[in-house]
Amino acid sequence: MKTQALPVAIIGAGPVGLAAAAHLIERGESLIVIEAGSKIGANVDNWAHVRMFSPWEFTVDRASVRLLEKHGWQMPPLNDLPTGRDLVERYLVPFSKLPEVKDLIYLNTRVVAVSRRNIDKMKDAGREDAPFVLHVICEDGSETLIEARAVIDASGTWHKPNPLGSGGLPAVGEKSQADHILYGIPDVLNSQRERYANRRVMVVGSGHSAINVLLNLAELIVTAPNTTIYWAMRGKNLKQVYGGGGEDALPARGRLGTRIQGYVDAGKIEIVSPFRVREIKAAVQELEVIGESSDGIQTIRVDEIIAATGARPDLDMLRELRLELDPALESTRALGPMIDPNIHSCGTVRPHGEAELRHPEKNFYIVGMKSYGRAPTFLLATGYEQVRSVVAALTGDWEAAHDVQLNLPETGVCSTDLGGEGTACCGTSASQSAPALISLSNIPVNNIRLQPINLQFEAVPVTIANVTHECGCDDTCCSDGVKSTTCGCDDDCCA
Ligand SMILES: Cc1cc2nc3c(=O)[nH]c(=O)nc-3n(C[C@H](O)[C@H](O)[C@H](O)COP(=O)(O)OP(=O)(O)OC[C@H]3O[C@@H](n4cnc5c(N)ncnc54)[C@H](O)[C@@H]3O)c2cc1C
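Residues numbered from 1 in each chain as written. Predicted model: local features only at pLDDT ≥ 70, side-chain atom pairs only at ≥ 80, totals over all residues.

## Quick word on the nonpolar core
Consideration 1: Ranked by internal contacts, the top residues of the largest apolar core, which has 120 residues, are A9, A20, A21, L134, I152, V203 and L214.
Consideration 2: By residue number, the principal contributor to this core is helix α11 (residues 380–394), which donates nine residues.
Consideration 3: Residue contributions to this core reach at least three from each of two domains, namely domain 1 (3–159 + 311–402) and domain 2 (178–307). (Core = buried A, V, L, I, M, F, W, Y, C linked by C-beta atoms within 7 Å. Buried ≥ 20, exposed ≤ 12 C-beta atoms within 10 Å, placed from the backbone. Helix = DSSP H or I, 4+ residues; strand = E, 2+ residues; numbered from the N terminus. Domains from an automatic or database assignment.)

## Details of the confidence of the model for the protein
Consideration 1: Residue-level pLDDT values for the protein average 82, and 79% of them are 70 or greater.
Consideration 2: Contacts from residues 412–495, a stretch scored under 50 in pLDDT, to residues over four places away or in other chains number 256 contacts. (pLDDT = per-residue confidence, 0-100. Contact = placed C-beta atoms within 7 Å.)

## Quick notes on the packing of helix α1 (residues 15–26) against helix α3 (residues 62–70)
Consideration 1: Where α1 meets α3, the axes come as close as 8 Å, and the angle between the chain directions of the two elements is 65 degrees. Here α3 runs roughly perpendicular to α1, going by the angle between their axes. Relative to α3, α1 is oriented so that their crossing is left-handed. Here α1 contributes L18, A19, A22, H23, I25 and E26 to the contact with α3, which in turn contributes A63, S64 and L67.
Consideration 2: Grouping the amino acids of the contact of α1 with α3 by side-chain chemistry returns six nonpolar, two polar and one charged. (Axes fitted to C-alpha atoms, helices over the stretch in contact; angles between N-to-C directions. Parallel < 35°, antiparallel > 145°, perpendicular 65-115°, else oblique. Left-handed = near helix turned anticlockwise from the far one by under 90°. Nonpolar A, V, L, I, M, F, W, Y, C, P; charged D, E, K, R; others polar.)

## Describing the site of the ligand
Consideration 1: Around the ligand, 40 residues are found, and the nearest of them are G12, G14, M52, G156 and G368.
Consideration 2: Of all the secondary structure elements, the ones that give two or more residues to the shell around the ligand are α1, α2 (42–46), β4 (110–116), α6 (208–223) and α11.
Consideration 3: Per-class residue counts for the shell around the ligand are 22 nonpolar, 16 polar and two charged.
Consideration 4: There are two domains that each give the shell around the ligand at least three residues, and those are domain 1 (3–159 + 311–402) and domain 2 (178–307). (Near = placed C-beta within 6 Å.)

## Things to note about unusual backbone geometry
Consideration 1: Of note, the bond from S273 into P274 is cis; its omega dihedral lies within 30 degrees of zero at -10 degrees.
Consideration 2: On the secondary structure map, P274 appears in the loop between β11 (269–272) and β12 (276–283).
Consideration 3: In this structure, Q285 takes a positive phi of about 55 degrees despite not being glycine.
Consideration 4: Judged by the 7 C-beta atoms lying within 10 Å of it, Q285 is exposed.
Consideration 5: Despite not being glycine, E330 has its phi angle at roughly 60 degrees, a positive value.
Consideration 6: Following the sequence through the fold, E330 ends up in the loop between β15 (304–307) and α9 (336–339).

## Examining the sheet that holds strand β6 (residues 143–148)
Consideration 1: Overall, antiparallel pairing links the three strands, which are arranged β4-β5-β6 in an open sheet. Strands at the two margins of the open sheet, each flanked by one partner only, are β4 and β6. Across the sheet, the mean angle from the axis of one strand to that of its neighbour is 25 degrees, orientation sign disregarded.
Consideration 2: Where β4 lies against strand β5 (residues 132–137), six bridges are found, and the strand directions are antiparallel. (Pairing = 2+ DSSP bridges.)

## Quick notes on the sheet that holds β12
Consideration 1: What the three strands build is an open sheet, ordered β12-β13-β14; its pairing is antiparallel. Whereas interior strands pair on both sides, the edge strands pair on one side only; in this sheet they are β12 and β14 (296–302). Strand-to-strand twist in this sheet, taken as the mean axis angle between neighbours without regard to direction, amounts to 25 degrees.
Consideration 2: In this sheet, β14 lies alongside strand β13 (residues 286–293) in antiparallel orientation, the contact comprising seven bridges. Bridge pairing in β14 links S293 to G296.

## Observations concerning α3
Side chains that are three or four residues apart share a direction in an α-helix, a result of its 3.6 residues per turn.
Consideration 1: Within the sequence span of α3, burial applies to R62, A63, S64, L67 and L68.
Consideration 2: Of the surrounding secondary structure, the elements contacted by the buried residues of α3 are α1, α4 (84–96) and α11.
Consideration 3: Positioned one or two residues after α3, G72 has a phi angle of 90 degrees, which is positive.

## A few points about the environment of E89
Consideration 1: With respect to the helices and strands, E89 occurs in helix α4.
Consideration 2: E89 sits in the partly exposed class, given 19 other C-beta atoms within 10 Å.
Consideration 3: Through-space distance from the C-alpha of E89 to that of D45 is 9.4 Å; in sequence the pair is 44 residues apart.

So, in structure tokens, the structure goes:
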């Protein structure tokens, strides 16, 4: 089989995976999108109730918009802030239903491994010419192999939450007390209200995910006054946790910090900091959370824990590929120094594209949230520029691949410079000339038994299970005086 006749396989129908599809379609390339979830934007759907801090202008991809507008779609007001649900229902789902796209997406299909046909990781001969093989599991449990000429992994990190233990390992008892621990951003005001109302709740983490939950819990107190909120974090530099406030180039992101500070100052939220979780113990009708504080070992008694401790990439499925990863962040190697939260707690990321995302494994790219590995500072505008550049390279348009243009927002507070001296912010790539669209058909997917796409998006209540993700600075920070690998929020210990 000629590799060139095969499609490009995109793993994940999230915002960045679908943007990759749009760019491939514009360039007349064949493709297939493989999505583990039962709906488009399955990860975003987990935080559907959360309002994003980027306005529409920075949450959509240009190629996707061009394709949508061709079919009469209307861009929402550029300055409005979408929720996760808006992003899915008003942008991702309409895109997935376009005639050029709808037959290319396979839902309920999980990629569990990627390799080269008949060539394992060790073997050199013929490697670059061999097709990729994706091992997938379908909804009914059946397994199949899909061949592809290139692979774009846009599978995010949401489904691989970091554990509560401060050293990156689960705390003692974390697994056995799982019934009282939720990883992610539960909708505490609606679908999860009963679980948290009038309970003692500890939120662990200091990024935007933690702040989002805390703001909602603080609101819950109005109607459930016996709710007690503990906010535990490893770092102790609250100024950095609160962020850039009015100096943040994304005002909504700045306001998150300002609002949470208001609740803390008003005594609605009790700060437990520094606090490094060691153990979670069941006691009579409560949990004991045992951790290290500045005064030694401290025990906090709670009913529920919400872990907003960031996430990490799933690298298991890429075990047979030759990757070059940053040893600390597990991001693509060249990206590491550019996004290291030890240095950049904000958007001081210089433009990057195919060159920085390249791995030794030719024609394989990790993009989107997953390309940042454990770093929490990814923004969609970054991912859209990544896939524009990667797709240009895959089609041999090296001029466009190298012409990377991206500015990211400053938080106003960086770990290296509290004045926020980063590059300017958040423009997506300059518009590029749009090649004529061609229709795609007969994508070869070998021996495959895939489920047809279900294009009916149902606004079902959000269920959050075992998931988390950080999108701001993360206080996974530092033993005293030691520069941590995933710090970014505590300049006391990381300077
Ligand atoms: C609460 C929150 C708010 C955010 N707000 C903003 C914001 O305002 N602005 C901004 O720019 N960014 C924001 N982000 C950060 C980032 O833009 C989002 O996380 C975004 O969803 C990342 O897009 P993605 O396509 O890379 O990954 P995801 O959206 O995570 O999509 C990955 C997809 O891959 C699928 N998948 C996973 N594993 C497999 C597999 N093995 N096989 C097949 N499919 C798989 C998943 O089901 C999912 O659909 C926010 C993040 C969070 C959590």
